Amino acid sequence: MYPVKYIPKEEMIDEYFGLCSYNKKTIFIRNDIPKYIQIFVLAHERQHEKDYKNGIKGTLWLEIRANVLGGLKHPIGFIGCIILTIFTFKRWKLYIKRIVKGK
Ligand SMILES: [Zn+2]
């Protein structure tokens, strides 16, 4: 399993709460979001790590898998993450951009 690094908002690219870097073989999670959301974000990124190692592809499909499988493990964190996302308009733009670009 990749090691996990908790980093400040300023060091995270875009508006991500977490990131699974396949190049750096590290999971990055923002240290300014509530703990219960961090737990969900970690489960989400771990799913990306697993799917990457299993060669599963498709941005939208990968996000659905990470959200559903991570959300089943940590439903409260998943709901918290959705609420935080709704109130962070920049995150909407990011998701739309990623889905349109397909990566
Ligand atoms: Zn994701």
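Right, let's walk through the structure included here. (Residues numbered from 1 in each chain as written. Predicted model: local features only at pLDDT ≥ 70, side-chain atom pairs only at ≥ 80, totals over all residues. Heavy atoms only, no water.)

1. Some remarks on the pairing of strand 2 (residues 18-21)
We apply this condition: Strands pair, by our definition, only if DSSP identifies at least two bridges between them. Only runs of H or I of at least four residues qualify as helices and only runs of E of at least two qualify as strands under DSSP, and these elements are numbered from the N terminus.
For strand 2 and strand 3 (residues 26-30), the ladder comprises four bridges, and the chain directions are antiparallel. Directly across from Cys20, in strand 3, lies its bridge partner Ile27. Linking strand 2 back to strand 3 in an antiparallel pair, the connection comprises four residues, with Lys25 at a positive phi of about 50 degrees.

2. Some remarks on the sheet that holds strand 2
Filter applied, for reference: Lines fitted to C-alpha atoms define the axes here, with helix axes fitted over just the stretch in contact, and angles between the N-to-C directions of these axes take values from 0 to 180 degrees.
The sheet built from three strands is open, its strands ordered 1-3-2 with mixed pairing. Here the strands that pair on one side only, and so sit at the sheet edges, are strand 1 (4-7) and strand 2. The sheet shows a mean angle of 20 degrees between the axes of neighbouring strands, taken without regard to direction. Pairing of strand 1 with strand 3, which is carried by four bridges, proceeds in the parallel orientation. Residue pairing across strands places Val4 opposite Ile27, the latter belonging to strand 3.

3. Re helix 3 (residues 75-86)
Spelled out, the test is: For a helix, the expected span equals 1.5 Å multiplied by the residue count minus one. For each residue, the accessible area found with a 1.4 Å probe, counting protein chains only, is set against the maximum for its type, and the residue is called buried under 20%, exposed over 50%, and partly exposed in between. In this description, the arc belongs to the directions extending from the helix axis to the C-beta atoms.
The terminal C-alpha atoms of helix 3 lie 17 Å apart, and with twelve residues this matches the ideal 16 Å at 1.5 Å per residue to within 8%. For helix 3, every residue scored as buried is listed here: Gly77, Gly80, Cys81 and Thr85. What you see down the axis of helix 3 is that its buried residues fit within an arc of 135 degrees, all on one side.

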